[in-house]
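Chain residues, written in single-letter form:
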Amino acid sequence: MGKVGSRLLSYSLLSLIALFMVAPFVWMILTSLKSLPEVDSANPFPTTYHPENYLDVFRQVAFGRYFLNSFLVAGWVTLLQCITSAMAAYGFARVKWKGRDVVFRLYLMTLMVPGVVTMIPNYTLLVKLQLLDTYSGLILPASFGAFGTFLMRQFMMGIPKALDEAAEIDGATHWSTFWKVVFPLSRAGVIALGVFTFLGTYGSFFWPLVMIKSEHLRTLPIGMLYFDTVYGRQTNLIMAGSTLSVLPLIILFLFTQRYLVSGIQLGAVKG
């Protein structure tokens, strides 16, 4: 097989994989335009399109409020985790202190602990702090993570040490070196971590379900349960709401994919 045939085979295989990846999203959009009786039909295309389903999502629930809550929580968690992870990564990657590598390995071991194990202790602690059913209760526990620290440390280890030494000669403290030298050069890593954190928090279901009781604090995954309880299962509206909730994530990925790929590649250079 020549070079042209090999390339054609590769493109055909990639196109087939892409088709399988896109198919669920296309099915979701088509289902969101069906009437409820048509949802279970074998025909994937609706006989009559119902774009008003998207308006019904806002009419039946406070979808705009849920959307705002998800963005608010995910945005704050992303901001705080990027800052805290970068600061911790700087201490592990750029500052020499006794037992640093041992502490870092112990910190990474927390990634092996399932979130379900820490769910009850976290819940009990937030109850004692009177943060149950609040934005703070959703944001603070998710604002720190070993994965973010690991990713940022790997990225910072690729930055030349000479920059730290030059800053130190100029009289810069560790704080100044971090904010003015290392952190700006870690932009690609911060953006990659931000995208991962935002996606994970935006779609979080179990923790908001445990923490939130008030309707005005519900996030999108919790608010979508409304279509499966009060009026029975309204699959067409669930798909319409899901389509609306996924669109911002697609836009986010399109604008940040260049930084996302470069951040992952550069972060994997040194270990």
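The structure we're discussing is the one just above.
Residues numbered from 1 in each chain as written. Predicted model: local features only at pLDDT ≥ 70, side-chain atom pairs only at ≥ 80, totals over all residues. Heavy atoms only, no water.

Trainee: When you look at the packing of helix H3 (residues 63-93) against helix H7 (residues 146-156) in this model, what are you seeing that I'm missing?
Mentor: Packed helices, taken two at a time, are described by the angle between their axes plus the distance between the axes. Two numbers describe how H3 lies on H7: the axes approach to 8 Å, and their chain directions differ by 50 degrees. Taken together, H3 and H7 sit at an angle that is classed as oblique. Two packed elements cross with a definite hand, and for H3 against H7 that hand is right-handed. Every residue of H7 that contacts H3 at Ser85, Ala86, Ala88, Ala89, Tyr90, Phe92 and Ala93 is listed here: Gly148, Thr149, Met152, Arg153 and Met156. (Axes fitted to C-alpha atoms, helices over the stretch in contact; angles between N-to-C directions. Helix = DSSP H or I, 4+ residues; strand = E, 2+ residues; numbered from the N terminus. Parallel < 35°, antiparallel > 145°, perpendicular 65-115°, else oblique. Left-handed = near helix turned anticlockwise from the far one by under 90°. Contact = heavy atoms within 4.5 Å.)

Trainee: Mind showing me how you'd approach the layout of surface pockets here?
Mentor: Space inside the largest pocket adds up to approximately 980 Å³. The wall of the largest pocket is formed by 32 residues, among which Gly115, Pro141, Ala142, Phe144 and Gly145 lie closest to the centre. Going through the elements one at a time, H3, helix H5 (115-128), H7, helix H10 (187-202) and helix H11 (206-211) are the ones with two or more residues in the lining of the largest pocket. Looking at the lining of the largest pocket, its residues break down into 19 nonpolar, 13 polar and no charged. (1 Å grid on protein atoms, 1.4 Å probe; cavity = no way out; pocket = protein on both sides within 12 Å on 5 of 7 lines; lining within 4 Å. Points joined across faces, edges and corners; volume = space filled by probe spheres on them. Nonpolar A, V, L, I, M, F, W, Y, C, P; charged D, E, K, R; others polar.)

Trainee: Please explain the packing of aromatic side chains as it appears in this structure.
Mentor: The way to describe two aromatic rings as a pair is by their centre distance and the angle between their planes. On inspection of all chains with the given rule, the structure shows 17 aromatic pairs. On the numbers, 5.1 Å between centres and 40 degrees between planes, the contact of Phe67 with Phe71 is tilted. With Phe67 and Phe71 both in helix H3 and 4 residues apart, this pair spans about one turn of that helix. Ring centres of Phe92 and Tyr107 lie 6.2 Å apart, and the angle between their planes is 25 degrees; this geometry places the pair in the stacked category. Of this pair, Phe92 sits in helix H3 while Tyr107 sits in helix H4 (residues 100-109), and the two are 15 residues apart along the sequence. When its relative accessible area of 9% is taken as the criterion, Phe92 is described as buried. Aromatic rings pair up to connect Phe58, Phe63, Phe67, Phe71, Phe198 and Tyr202 into one cluster. (Phe/Tyr/Trp six-rings, centres within 6.5 Å; stacked < 30°, edge-to-face > 60°. Buried < 20%, exposed > 50% of the residue type's maximum accessible area, 1.4 Å probe, protein only.)

Trainee: What exactly am I supposed to notice about the nonpolar core here?
Mentor: For soluble globular proteins, nonpolar side chains are generally found buried alongside one another. Formed by 19 residues in total, the largest nonpolar core has its most connected members in Val57, Val61, Phe63, Tyr202 and Phe227. Among the elements of the structure, helix H2 (52-60), H3, H10 and helix H13 (235-267) are those that each provide at least two residues to this core. If you tally residues by element for this core, the top one is H13, at 5 residues. Residues within four places of Val57 in sequence aside, it is in contact with Phe63, Phe227, Leu237, Ala240 and Gly241. By size, the runner-up hydrophobic cluster in this structure holds 15 residues, among which are Cys82, Ala93, Ile159 and Val182. (Core = buried A, V, L, I, M, F, W, Y, C linked by side-chain atoms within 4.5 Å.)

It is worth stressing that arrangement in space is one thing and function is another; only the former is reported here.
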